[in-house]
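# Topology and contacts: notes
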Amino acid sequence: MNVAGVVTRLWKALQIPIAAATAELAAIAIATPLLLAVEFWNRFPIIYYDTGAYVLEGLGGRFVAERAPVYSLFLRFAGGGVSLWLVAAIQALLTAFVMTQTARQIAPRLSLIAFLALCVGLVGGTGISWYAGQIEPDCFAADLILVIYLLTFHGSTLGSVRRILLIALGAFAAAVHPSHLILAGALACALVAVALLQRALRLPLWSDPGHTLPRLGDLALVATAALALVVAANFELTGQVFVTRAGPSFVFARLLQDRIVIRLLDETCPNSAYRLCRYKDELPRTADGWLWTPESPFFALGGFAGTADESARIVRDSLERYPWLHVRWAFADAARQFVLFRTGDQIEPQQWAIGPSLRRYLPGQMQSYMAARQQKGAIDFRAINRVHMPVAVIALTVLLLAIAVFVATGQWRRARAPVFVLVALAANAIICGTFSGPHDRYQSRLLWTVPFLLVLVAADRRTPPCGSLGNPAGSAP
């Protein structure tokens, strides 16, 4: 066959709708390496400060209170000890799978080439590739949001195999970080509230008129399985049953940054008998300074284990003493978190901090790690954010306009995905801003879902609703 014939056949193959099984498999296979474009350019998976602790916990078998054990054990079972590229590849594969399933449900007639073009656009215009291949659980926050959306509103057309896979992935994504577990709970509460409101007022809020209410049974399975994974992982590493031991310390650090702790100590010491009273004049002014600076009193008092009880006590006492101050600062931190989404938050040379753990448990990977652009300080995020920030701002603006238009014109089905992602962004900002304090990466890791869903919804405007094609998205793989 001549070259022209090969090109013609390839072009026809790329025109196959994403709902077709062959296009679905091709989309996942091609999107996976696309999502690792940043890592290929960097010549090594992206590393974060937390990576060292995850490696220590997962490969070293040493419990680290501040790190989610499920993700740490994932590093072990995914082959992180052999190569962190295996971990990055699995993360990218799972993200590509969720993206493909979302496209099949929202815009089943979207062509394979259009889907791949969308992936390329997201890699260049958002932070998706910086998170998909980063050795950190952040990429699973966005996956979790899309999984919950699919299971809740498209569960009946997913097909049994895809549905089971998404439930398993959703449980894992929720379990890899405490904020993800809380986010899943928050979204569940929002969905229940909408379902009850829809039933009470008989309004087509998130479903088409005459259609069933959002499906919540699968979401309950996700939450239950996620909680079981967390408890099982903690038991594997400690022999004890619990969910988390670091929560009070992170909340305390945020209250310290907001000066609520300072006010409490000034007004109650020494009568309150807090151990912290003797350090009240030398406390760091930021949450990160308290938790991670070696000279912080946090370490003098015993770190996460030594300060947990007193941190919890101070949080409770301050809530009783200044309830409205808590509300004011929580609202301010959540609002600030919502608009913080620059790409590259603390993605910098980090060998001085995490090098010892990597050298001990990943000695064969150190040469590649040290040769990466990240470790050489050769990444200019100012240039990257000249693209990513405008894309994010425009996407959020279009999201709000789209919701307004869809609601005003009664297009409830098309409003469903935009409203859901807006609620998820707000919930994530409230959770992360309140419990940990605002950081760019918490919101940046999710922002790619906005243009992704907007493009799919726009594509759906040119196609019949999912299910009117002979239910192409519901067939088994």
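Turning our eyes to something else, we now look at the nonpolar core. Among the nonpolar cores identified, the biggest contains 119 residues, and Tyr71, Met99, Phe115, Trp130, Val450 and Phe452 are the most heavily contacted of them. Sorting elements by how many residues they give to this core places helix 9 (residues 139–154) first, with 13 residues. Ignoring sequence-local partners within four residues, the contact set of tyrosine 71 consists of Tyr54, Val87, Gln91, Gln134, Ile135, Glu136, Pro137, Phe140 and Val176. Of all hydrophobic cores here, the second largest spans 28 residues; its members include Leu276, Tyr279, Leu283 and Phe298.

Overall, the predicted model of the chain reaches an average pLDDT of 90, with 93% of residues at or above 70. Of the regions scoring below 50 in pLDDT, residues 462–477 engages in 31 contacts with residues more than four places distant in sequence or in other chains.

The next thing to look at is unusual backbone geometry. A cis amide bond links cysteine 269 with the next residue in sequence, proline 270, at an omega value of 5°. Tracing the backbone through its elements, the reader meets proline 270 in the loop between helix 14 (260–268) and helix 15 (287–292).

Looking now at helix 2 (residues 21–35). The end-to-end C-alpha distance of helix 2 is 21 Å, a good match for the 21 Å that 15 residues give at a rise of 1.5 Å each. Along helix 2, the positions that sit buried rather than exposed are Ala23, Glu24, Ala27, Ile28, Ala31, Thr32 and Leu35. Along helix 2, the residues classed as buried sweep out an arc of 165° about the axis, all on the same side. Relative to its buried face, helix 2 has exposed residues pointing more than 90 degrees away, namely Thr22, Leu25 and Ala29. For helix 2, the elements touching its buried residues are helix 3 (37–42), helix 6 (84–106), helix 7 (112–125), helix 8 (128–132) and helix 10 (160–175).

Parameters and conventions
- Residues numbered from 1 in each chain as written.
- Predicted model: local features only at pLDDT ≥ 70, side-chain atom pairs only at ≥ 80, totals over all residues.
- Heavy atoms only, no water.
- Core = buried A, V, L, I, M, F, W, Y, C linked by side-chain atoms within 4.5 Å.
- Buried < 20%, exposed > 50% of the residue type's maximum accessible area, 1.4 Å probe, protein only.
- Helix = DSSP H or I, 4+ residues; strand = E, 2+ residues; numbered from the N terminus.
- Contact = heavy atoms within 4.5 Å.
- pLDDT = per-residue confidence, 0-100.
- Expected span 1.5 Å × (residues − 1).
- Arc of directions from axis to C-beta.

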